[in-house]
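# Notes for the structure review
Residues per chain, in single letters:
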Amino acid sequence: MTDDRSSPIDEGLEDDQPGFYGPDDTQDLDYVRDLGSPGTFPFTRGIHRDMYRNRLWTMRQYAGFGTAKETNQRFRFLLDQGTSGLSVAFDLPTQIGLDSDHPGAFGEVGRVGVAIDSVADMEELFEDIPLDAVSTSMTINATAAILLAFYLVVARRQGVHWSKLRGTIQNDILKEYVARGTFIYPPEPSIRLVTDTIAFCQANVPRWNPVSISGYHIREAGASALQEAAFTLANAETYLQAALDSGLDIDQFSPRFSFFFSVHNNFFEEIAKFRAVRKVWAQRMKTRGARNPRSLALRFHAQTGGSTLTAQQPENNTVRVTLQALAAILGGAQSLHTNSKDEALALPTEEAVSLALRTQQIIAHESGAAEIADPLGGSWYLERLTGDFASKIDAYLQEIDRLGGVLSALEQGYFHRQIQEAAFRFQKEVESGTRTVVGVNRFNDKGRPAIQTMKIPEGVEARQKERLKGVRMQERPRLAAALEKVRNTASGTGNLLPPIIEAAEAQATVGEIADALRKVFGEHKETVAI
């Protein structure tokens with residue numbers, strides 16, 4: 001590569017493919033060495049020998065809107081419909097450490113997720129839901145340590161020992177700098193929060209995944225499937241090295257690493273992506289000295305592609321989601337969320353979210369896809385595609401290493417340029433008609449009536465502010481000392497989770513704890529190299 005402002009790595013996965021594949025296309029593959037069997041290194045064919053034959057994937061439906069009370073009602077509805085795990089969406093103020101009464105939160109409270117300001121809100125969010133009976137995933141990053149602290153306090157109040165808690169906190173701040181933008185602090189202290197959470201969970205919440213390295217949001221920003229896979233692994237290796245530098249043992253903490261990927265419409269490409277990313281991770285972890293098979297086996301949650309949904313002919317989204325969900329399962333996902341057909345228009349209605357869940361249940365119980373591990377393994381086409389994917393992921397990782405690693409590449413604007421170029425190529429193809437999007441640039445039907453969509457209840461912001469006012473008016477005698485302990489620990493080298501939990505127990509709000517850290521860490525100001 002002669003110019004780091006553009007990369008040829010992504011070329012060739014879709015273009016100029018032959019019309020069919022045969023034995024000659026896999027002559028350079030050693031099927032035993034490169035594929036192995038399901039449940040064995042390098043885990044190309046899946047991380048379990050029998051995959052879903054003994055245990056199905058966790059069926060999650062991402063949910064969160066309005067106040068904690070309203071989201072709790074949706075959670076209980078989903079559990080009644082057969083979900084096996086809860087997945088929490090938080091509103092933007094909660095994601096960036098602003099309480100609902102902060103001027104910067106105006107107009108955003110409870111809009112794209114649930115508003116959580118205090119432990120009282122978290123307690124109401126899980127009212128009548130025993131935390132030792134569910135697996136909970138929380139999509140939160142900059143304030144992940146704070147929301148996890150709230151969850152742990154609620155578990156303690158329920159009488160649930162932390163060792164019984166199962167779930168995941170996303171806690172992937174690097175992808176916020178790469179693609180999404182809901183960061184608060186500069187990268188270095190933000191990574192410290194991630195590693196402190198990893199260390200704390202290893203010691204105190206052993207069944208909890210303290211980080212879920214997310215390619216989903218990178219893909220949603222416009223990245224290609226290959227970029228999603230490569231950039232996610234690059235971020236994962238950055239966290240891995242930070243944890244090693246803090247003194248943690250690789251085979252003690254890395255088995256709790258989890259991943260989160262998107263699934264788009266190119267059926268075979270998505271399956272190959274998942275198989276290749278497992279293979280590359282296993283090989284690189286082995287090179288780093290990991291010996292525990294659970295350290296080598298990449299576990300991932302998948303979500304169908306939000307950016308693939310269309311506002312035009314939204315019924316078509318049900319077909320897209322079905323194909324994507326099947327690709328995730330044939331690719332070996334451990335957990336899956338299926339988007340609802342109406343999400344290009346609004347938050348999903350109960351009817352739409354039920355259909356999305358039924359999509360997973362039909363695949364699980366009627367399609368036969370769960371009855372055998374890696375049923376497409378050995379396909380000449382799929383194995384060629386998997387091999388190409390793996391080699392090109394490695395090429396991207398080497399390129400990022402040459403740039404000095406993820407943080408250096410961020411400073412140089414590398415990721416932004418790569419994603420922008422991929423998004424631009426895709427949009428040009430749609431607008432020129434060389435890429436078909438059914439109902440958008442071909443097969444249009446403008447005469448269809450609009451579907452019914454969900455509306456956020458009136459008065460959410462006012463009700464949440466009133467609830468927060470009640471928290472602030474209570475006597476909170478331990479608050480000042482607890483926040484001071486957060487600041488002092490942030491200024492030093494101790495683990496930040498214990499003082500954050502203490503502040504949560506002292507009824508500190510998300511904004512108050514985030515502000516205590518802001519006083520020490522400062523705020524990140526994004527600069528993008530052009």
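Read on for a plain summary of the structure. Quick caveat: nothing in here was measured; it's all calculated off a predicted structure. (Residues numbered from 1 in each chain as written. Predicted model: local features only at pLDDT ≥ 70, side-chain atom pairs only at ≥ 80, totals over all residues. Heavy atoms only, no water.)

## Observations regarding helix α18 (residues 460-473)
- Taking 1.5 Å of rise per residue, the 14 residues of α18 would be expected to cover 20 Å, and the 20 Å separating its terminal C-alpha atoms lies within 8% of that figure.
- The complete set of buried residues in α18 reads Val 460, Glu 461, Gln 464, Leu 468 and Val 471. Considered in projection along α18, the buried side chains sweep an arc of 90 degrees and stay on one side of the axis. Residues Ala 462, Glu 466 and Met 473 are exposed on α18 and point more than 90 degrees away from its buried face.
- Summarising the contacts, the buried residues of α18 are in contact with α2 (68-81) and α4 (119-125). (Helix = DSSP H or I, 4+ residues; strand = E, 2+ residues; numbered from the N terminus. Expected span 1.5 Å × (residues − 1). Buried < 20%, exposed > 50% of the residue type's maximum accessible area, 1.4 Å probe, protein only. Arc of directions from axis to C-beta. Contact = heavy atoms within 4.5 Å.)

## Things to note about the nonpolar core
- Core analysis: the largest hydrophobic core is formed by 144 residues, its most contacted members being Phe 126, Phe 150, Leu 165, Ile 393 and Ile 500.
- Among the elements that take part in this core, helix α5 (residues 144-158) stands out by supplying twelve residues, more than any other.
- Look past the residues within four positions of Ile 393 in its chain and what remains in contact with it is Leu 226, Ala 229, Ala 230, Leu 233, Ala 276, Val 277 and Val 280. (Core = buried A, V, L, I, M, F, W, Y, C linked by side-chain atoms within 4.5 Å.)

## Let's talk about the layout of surface pockets
- As a volume, the second largest pocket reaches approximately 1000 Å³.
- Lining the second largest pocket are 44 residues, with Arg 55, Thr 58, Asn 209, Arg 299 and Gln 334 sitting closest to its centre.
- Listing elements by their share of the lining of the second largest pocket, those giving two or more residues are β1 (58-63), β3 (135-139), β4 (166-169), β7 (257-263), α12 (293-296), β8 (300-304) and β9 (335-337).
- Counting residues per element, the lining of the second largest pocket draws most heavily on β3, which supplies four residues.
- By residue class, the composition of the lining of the second largest pocket is 16 nonpolar, 19 polar and nine charged. (1 Å grid on protein atoms, 1.4 Å probe; cavity = no way out; pocket = protein on both sides within 12 Å on 5 of 7 lines; lining within 4 Å. Points joined across faces, edges and corners; volume = space filled by probe spheres on them. Nonpolar A, V, L, I, M, F, W, Y, C, P; charged D, E, K, R; others polar.)

## Quick notes on unusual backbone geometry
- Here the amide bond leading from Phe 41 into Pro 42 is cis, since omega sits at 5 degrees, within 30 degrees of zero.
- For Pro 42, the location among the structural elements is in the loop between α1 (31-35) and β1.
- Backbone geometry places Asn 171, a non-glycine residue, at a positive phi of 55 degrees.
- Inspection of the secondary structure assignment puts Asn 171 in the loop between β4 and α6 (174-180).
- Since its relative accessible area comes to 3%, Asn 171 is described here as buried.
- For Asp 374, which is not glycine, the phi dihedral falls at a positive 45 degrees.

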